[in-house]
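# Remarks on the overall topology
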Amino acid sequence: MSHRLQAAFIPLTTKKLQRNHHYSSCAKRAFGPLQNFRKNTSANILRLASFKNTFTALYSTDPLRDSGGAYFDGDHVLLEVDGAQYEGYVQGKKGGWYSVLVQNDIDSTLSIVKKRASQLRLLNVNGKEPLQNLQRLLPPSAVEKKNDGDIGEVEVKMEESIPELLEQTLDAPTIMNLDASLLHQERNVDVIRNKRDFQRLEQCKHFATFDKWVTFTDLHVAPDTLNTCLNVLSTVHSEAKKQNAGVLFLGDFWHHRGSVRVDCLNAVLSALGEWEVPLIMMPGNHDQVSLAGLEHALTPLQNAFRIQTGDGEEVPGILIFSYPTKFREALFVPHIRDIATMQSILQSQTSASSSAIFVHADVTGAHMNDLITSTHGVALAYFPPSVPIYSGHFHKPHVVQKPEAAPGVAVRYVGSPYETTLAEANQAKALLVLDSSQNWNCVEEIPIVVGKHHWRCRSVNDLLELQSMNATNMNDSIAGPLVLVSTGDRVVVSVHQEDLEELRREAKDLERVSSFDAKVKELRAIGASVEIRETKSIPNFSHVSDSTDDDGFHQSDDLDWLLVEDMSPFTTWSNYLVSEVKREAMKNATAEIVVEAGNKILDELGLINDSDEANLQPTSAATTMLSLDNITVGGFGPFKDSLTYPLKDRGLVLLRGSNQDGGSDSNGSGKSTLAMSALWALTGSLDTRPVNDAKVSDVVHDNSLTARVTIRGTVNDQDFVIARSKSASKGSLTFMLGGEDLTKQSAKETQKTIEEKLGASPQVLSRTIFHGQHTMNGLLEATDAKLKEELSIVVPLNIWQDAAAQSRKTGRDLSKKVSELDGMISIRNRDLEAMTKKRDFSENAVAVKKKAFIEMEEQIKKRLEEASSGEPHNIFLETIEQAIDEASNQVQLIEDALRKNSGVLQSQLEPLHRKLESKLHDLDKERLTLQNIQRQTDRSDNTLTSASEKLQDLQTMWGIKDDNKNITTTLSFETPTVCPTCKQPMSDEDSHQHVKEGLETSLAKAMALIESSTLSVSNSQIQSKEQQLLIDTIEEQVQNINGNIRNQTAVSQDSHKVLELDLQAARVLYSQRSKEFTDAARKVEALNEINRMKSNSISELRSFKESLTAAIDARKSVSKDLDELEENIKSLDAEREETRSFASTISIVAESFGARGVQTFILQNTVHALQVATQSYLDELSDGTLRLELVLDTGDRILRTVSILTSDGAWVTRPLSSLSGGQWRRCSLALSLGFSDLVARRGRLCSSLLVLDEPLTHLDSTGRDNVGKLLRKVIERQATENMDGKVRRIGGLSVSTILIILQDLVAEELSESFDCIDEVIKTKGHSKVVVDEKVM
């Protein structure tokens, strides 16, 4: 192991290492990846030995190996060489000889000697030797001694050759010390033989020559932010070259975690290829893929460019810190998800000794944005005080400090280099210049102005104060602070509708445009996106104030509910619960629990809880300004020849048709096909029809092989061309944007790119731009679920639907766990009951044995007294002793007989029980068979009854008397004049004979069925009887077996009782013989007998005492088991209650995530905004006589009701079903326009084109005229005066061309309302277009 890269691995928790017999496997696991670097040179051997010494020096001597046992590589041993003792390290073993590396204490030369195991002694390290050995062979930076003086506790830094080798072997985060590696290289401790190690060290050495470092973070490269990110990289590189500095990046280079777009990667690699300064990077949470963070998306960048060292050599220009790393006396810590691990690293000695700390972390108290403060990150108290600390992660540049809780600690968030969302509006972004020679203090801040900017105007005055960039003030904007709105910026204006109307009324009186509208026009003219949001109080949440309550919950102000789609899911979730608390729908304590549980669910879905969460959300995406110039079609539908149709700045255009092929004046001419061809070019589909039986190739003209449509226009001031073609067998799609070919390998991938660049899906385009005649009523007719799906275009709800589903799944899992715990507790309670009985039994046993012990003790005392008072006599002691032995043997024999009797009974009963079980099984089987036979008998009996009844019916019908059993052979009856069956007259003999033959056949069948049924019944009865006899036999056998069991048990019990009586008598006899022996012994020799009696009594008493002790121990053991069982039941019960509580919380979370919870909170604003936009159009279409109300009720339904103004001025509410055709068309058209308006206002899609196919259906002359006037005002962006006297601006659409498809009669009525009238003429199956009298 090389000292040259002292990349030390510091255990996060210090432990005393104990040597055991598994040391070899531990060493193998620790050093396995390094085997390729071991060479048979003394230098490398020293490196390996010194490295393993960090382990060996801490172990005690293994006694099994002190006497010539086995030794392992790295063992620290004592040996004798030339009469002197040396310490060495085992290198290997070959042929019974160990190779030991020995260092000469005089000249420090190294030698390898060969020794047998018997000549070695494992060194027993005591006292302070471990630390001394470590310090002797390792540099000071590789050992950290604890302050408590415990030499046995040492933090060991494990070294590695290159960081990449560790990713497959180590699970826990490690700290790599590059400073120590560079120090060892300078001292030439070893010879570097690995080329990759050498290049790595040369790279670190060159990087270490730079003192200044330009620092930035949170770039978030994504397709939508790619151009901005490339500008940032160019700016950072330029500033670093000016400062002669390196660049330091603190995480989150990419935005989308888990995958990197190839186009983004290529663009970044191309940009970095121009760099000439070193770049240090560490991964953030967006970059990391694996849970441990070792697999991340920075790896493809590590060889993006190379730079020259002072020696003219080239080294990689990017150094990536995948692990916590110490470099230039600073500690660099990439994002670590586990907070406990992060805290351990920050509390290590390495952290405390560092000059600066660089992290990518969530710190408690940090501002996630201007409104939300982090409450679940790393506490400031874990950071070392009085050192500079810089962090990425949160985008707002600010400093976090709490002097009362963490004195001297200040964490500085560098912040993102550009505004990623509206939440970062007006934030001053800057690059930091840090000087490592001055303890990494910030010596300069370089303001950076890159990318589009977000401007949040909370009032009209805020908007009017904005200045747009132009030729006269452009230079000032570059030199001074950012105060100018430029192309691509996003401006969000929140105004009260009443204030805006008042401004416009005042301007109208002065015959000029209001200052508000003039400013909006000015900003849009320079290419800025302006979103106008009307502020109103949202229902049920009106008393939420702009503050923070006592429990730390954020309170939304009057603007936040309008910006709910700009919030991250975590912020939206928090604000929703705040609103619930404020309207007293939820208690504050409940909300605190629910918010945490909900955050965990969102974490499980892979969402990221930080301020950039709203990045690239659909509602926060950049506004798409779509301008369509023209459309070229060829071979498409009825258009065989190629033609180009203009779409730009044409005003109100009528598109009518003329079918000269006959059959219809205008239908089938191709006017709808021409208008919808733009939709086909953009999406590959046409407007939806009631019947979906068309094929993709149906768009091809009958006389053409291929249909081609090409659409040209601009998206956000970039020219684009989309060309789509389709033949019977294949299709193609090409996409050019800004002169760059973005066509992918497949049409599907190209379509995806088109949707990304246009910022709109096919659903958005077909709902907002292309209103086909079959979909005009779609929104008004839509079900509640379908309407919500359409509204998801404006505000997506899929996150919350997924969260609700995940919550319900978690709830089910918790309920299952509660049931499991119930079962476990039930089992434990049964065990507790049994254990309690066992304890009671043991206590009774102790009481009995204790009583016996006391009685025995008294008897012994009494016998001793009697023996002391008598005179000794000469008797035959041997005879008495023999009698005692016989009595004792008799007791033993009877006890053995009792045990044997119990065993015999058990052995006798076991086969009987098995036989009984077998017979019972047979009995059940035979009973089932009997039931089947009885069912067969019943069926046969029913068949017999049915056949008899049929025979009786025939006899009755034909008047046959049953005088003879053989009816068919004795059939004789008078022929009736009329057939009883068909009621036809029978007049001849043939009819009589025919009837007779038919009757004989029927009677024969009936008799045959009776005979077969009778036989079947008879057979079934016989089988039933036989089966019953078999069952009776088995039942008798069962009874016999049970009787045998009872007899055997009774006999055994009787024998047992006899033996117990014999045992009692034997014991009495034994007692008598003992007493006789005592008396005799006392008479033989009083003193000796007394001593013997004492000895025997003590032994007997000891036996009783041992028995009592065993019983007491058994009672203690049972009591201990009982206590443990009770404790286990308490633990399970507590876990069950905790699980039940959490399940209850998850139930609330699931409900809150559901359609009636946060989804309603989000939809409230959207539904209200849709109603406001719709009503502005409906007022025009109905002359103010209709009101369409859209309300999201408490039941999560979007209620749609219409109010009609009566002749007396009263408003009467009517259901939609009661509307006339004209009223329905007005409402549906207004709702469609209102939806398009809402999408445009929310910045999703602002198009220059609006297509309306047959919008005047069912409208009377007044209605058609109102539509014309409305569309004229939309084109000219005029204001109108409502019936209540208020002046309203017509919608938020910014269209320059409205294409209306109408039939001839209706078109002629409104011909004067149009700016242009185009005509599609179909002749001989081919269509052409006349545009302003010009044939195309």
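Because the structure is predicted, anything quoted here is derived from the model rather than measured.

Moving on to helix H14 (residues 569-582). Its 14 residues give H14 an end-to-end C-alpha distance of 20 Å, which sits within 8% of 20 Å, the value for a rise of 1.5 Å per residue. A positive backbone phi angle near 60° is found at glutamate 584, which sits one or two residues after H14.

Attention now goes to the packing of aromatic side chains. Summed over the entire model, instances satisfying the criterion amount to 19 aromatic pairs. Aromatic rings pair up to connect Phe321, Phe327, Phe332, Phe358, Tyr390 and Trp440 into one cluster. In this structure, arginine 1187 is placed above the aromatic ring of tryptophan 1211, and the distance from its NZ or CZ to the ring centre is 3.9 Å.

Here we come to the pattern of salt bridges. Evaluated as defined, the whole model comprises 28 salt bridges. Of the charged contacts in the structure, one is a salt bridge between arginine 839 and aspartate 840, with a shortest N-O distance of 3.8 Å. Judged by relative accessible area, arginine 839 falls into the partly exposed class, the value being 25%. Residues joined by salt bridges that share partners form a network here, namely Asp822, Asp1133, Arg1136, Glu1137 and Arg1140.

The next point concerns the packing of H14 against helix H15 (residues 588-604). For any two helices packed against each other, one specifies the crossing angle of their axes together with the interaxial distance. Packing of H14 against H15 leaves a shortest axis separation of 10 Å and a crossing angle of 160°. Put simply, H14 runs roughly antiparallel to H15. Here H14 runs over H15; the crossing is right-handed. Residues Pro569, Phe570, Trp573, Ser574, Leu577 and Val581 of H14 touch H15, and the partners they reach there are Asn588, Ala591, Val594, Val595, Gly598, Asn599, Leu602 and Asp603. For the contact of H14 with H15, the residue count by class is nine nonpolar, four polar and one charged.

One non-glycine residue, asparagine 426, adopts positive backbone phi at about 70°. Looking at the element boundaries, asparagine 426 is found in the loop between strand S20 (411-413) and strand S21 (430-435). Its identity is not glycine, yet histidine 1258 carries a phi of approximately 70°, on the positive side. Positionally, histidine 1258 belongs in the loop between strand S40 (1249-1253) and helix H27 (1261-1276).

A sheet is described by the order of its strands in space; here five strands give the open sequence S4-S3-S2-S1-S5, paired in antiparallel fashion. The two strands at the open ends of the sheet, each matched to only one other strand, are strand S4 (110-115) and strand S5 (121-122). Of the pairings in the sheet, the one linking strand S2 (residues 84-94) to strand S3 (residues 97-103) comprises six bridges and is antiparallel in character. From the neighbouring strand, glycine 92 faces S3, where its bridge partner is serine 99.

Here we come to the pairing of strand S22 (residues 441-447). Where S21 meets S22, six bridges bridge the pair, whose relative direction is antiparallel. Each residue of the ladder has a partner; that of alanine 430, found in S22, is proline 447.

All right, on to the nonpolar core then. By size, the foremost hydrophobic cluster in this structure holds 125 residues, and its most contacted members are Trp573, Tyr645, Phe1153 and Ile1298. If near-sequence neighbours (up to four positions away) are discounted, tryptophan 573 is found in contact with Val594, Val595, Gly598, Asn599, Leu602, Trp800, Val1149, Ser1152 and Phe1153.

Turning to the confidence of the model for the chain, a few remarks are in order. Averaged over all residues, the pLDDT of the chain equals 77, while 78% of them reach at least 70. Taken together, the stretch residues 189-193 has pLDDT below 50 and engages in 16 contacts with residues farther than four places along the chain or on a different chain. Throughout residues 1281-1287 the model reports pLDDT below 50, and contacts reaching past four residues in sequence, or to other chains, amount to 16 contacts.

On to the sheet that holds strand S9 (residues 212-216). Pairing is mixed across the open sheet formed by six strands, whose spatial order is S14-S11-S10-S9-S21-S22. Looking at strand neighbours, the two that pair on one side only are strand S14 (318-320) and S22, the edges of this open sheet. Averaged over neighbouring strand pairs, the angle between their axes works out to 25° when direction is ignored. Helix H6 (residues 226-243) contacts S9, strand S10 (246-249), S21 and S22 of the sheet and is inclined by roughly 165° relative to S9.

Reading guide: rules and limits
Residues numbered from 1 in each chain as written. Predicted model: local features only at pLDDT ≥ 70, side-chain atom pairs only at ≥ 80, totals over all residues. Heavy atoms only, no water. Helix = DSSP H or I, 4+ residues; strand = E, 2+ residues; numbered from the N terminus. Expected span 1.5 Å × (residues − 1). Phe/Tyr/Trp six-rings, centres within 6.5 Å; stacked < 30°, edge-to-face > 60°. Lys NZ or Arg CZ within 6 Å of the ring centre and 35° of its normal. Salt bridge = Lys/Arg side-chain N within 4 Å of Asp/Glu carboxyl O. Buried < 20%, exposed > 50% of the residue type's maximum accessible area, 1.4 Å probe, protein only. Axes fitted to C-alpha atoms, helices over the stretch in contact; angles between N-to-C directions. Parallel < 35°, antiparallel > 145°, perpendicular 65-115°, else oblique. Left-handed = near helix turned anticlockwise from the far one by under 90°. Contact = heavy atoms within 4.5 Å. Nonpolar A, V, L, I, M, F, W, Y, C, P; charged D, E, K, R; others polar. Pairing = 2+ DSSP bridges. Core = buried A, V, L, I, M, F, W, Y, C linked by side-chain atoms within 4.5 Å. pLDDT = per-residue confidence, 0-100.

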